[in-house]
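# Close look at the chain arrangement
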Amino acid sequence: MTGQSARTADREIVVSRIIGAPPELVFTAFTEVRHLSRWWGPEGFTTTTASFGFHVGGVWEFVMHGPDGTDYPEWITWTEIVPPERIVLLHGESADDPHAFESTLTFEPDGTATRLVMRTVFPTRELRDEAAEKYHAIEGGRQTLSNLDTYVTGVLL
């Protein structure tokens, strides 16, 4: 490992999936809350949006509702948007969350499909471990990308 990956490897979670649609369509699923609210989150979770703006510096404030009735306040700001190749975002509970983490999503053509890679870097290894162990972030990320695949291929195609 070299460069950034070597410096952040102990703080990262990487989840990827082949999505059965072209990058432009997969990217579109991130651009409007009417799309995101249909697939965002692990199985059994729903979202309620307070505000949404998909542009660099824009914010998505929402609550994720867990299947057990637990509500999770969420805040995302988009820090880089390169259609249809890349999205970088900062994600926490609120704008001043010291534990916010950065996720980089890359959309790579794979024949008629898209290889979506979600690389999340946490401020510390301990926060990464907590996300993985307490909040099941790896499985949750896999489920979220599965929900995205189902939505894009079933609704947007």
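Just above, that's the structure.
What counts, and at which threshold
Residues numbered from 1 in each chain as written. Predicted model: local features only at pLDDT ≥ 70, side-chain atom pairs only at ≥ 80, totals over all residues. Heavy atoms only, no water. 1 Å grid on protein atoms, 1.4 Å probe; cavity = no way out; pocket = protein on both sides within 12 Å on 5 of 7 lines; lining within 4 Å. Points joined across faces, edges and corners; volume = space filled by probe spheres on them. Helix = DSSP H or I, 4+ residues; strand = E, 2+ residues; numbered from the N terminus. Expected span 1.5 Å × (residues − 1). Buried < 20%, exposed > 50% of the residue type's maximum accessible area, 1.4 Å probe, protein only. Contact = heavy atoms within 4.5 Å. Pairing = 2+ DSSP bridges.

### Quick word on the layout of surface pockets
Roughly 1100 Å³ of internal volume is contained in the largest pocket. Around the largest pocket, the lining is made up of 35 residues, and of these E74, H91, F101, Y135 and A137 lie nearest the centre. Listing elements by their share of the lining of the largest pocket, those giving two or more residues are β1 (12–19), β4 (71–82), β5 (86–92), β6 (101–110), β7 (113–121), α4 (125–133) and α5 (137–156). A total of 6 residues in the lining of the largest pocket trace back to one element, the largest contributor, which is α5.

### Quick look at α5
For α5, built from 20 residues, the straight-helix expectation of 28 Å at 1.5 Å per residue is met to within 8% by its first-to-last C-alpha distance of 26 Å. Three or more residues of α5 are buried, namely G140, G141, Q143, T144, L145, L148, D149, Y151 and V152. Turning to α5, the residues buried within the fold contact β1, α2 (23–28), α3 (33–39) and β7.

### Brief notes about the environment of A29
Note that A29 resides in the loop between α2 and α3. As for A29 and M64, which are separated by 35 residues in sequence, their C-alpha atoms are 18 Å apart. In this view, A29 contacts H35, L36, W39, L148, V152 and L156; residues no more than four positions away in its chain are not counted.

### Describing the pairing of strand β3 (residues 59–65)
Side chains W60, F62 and M64 project from β3 onto a buried face, and the interleaved V59, E61, V63 and H65 project onto a face without burial. Pairing between strand β2 (residues 46–52) and β3: 6 bridges, direction antiparallel. Its bridge partner lying in β3, F52 is registered against W60. Turn length for the β2-β3 hairpin, with the two strands adjacent in sequence and antiparallel, is 6 residues, and the turn residue G57 shows positive phi of about 90 degrees. Pairing geometry for β3 and β4, over 7 bridges, is antiparallel. Within β4, the residue paired with F62 across the bridge is E74.

Worth remembering: the numbers are spatial, not functional.
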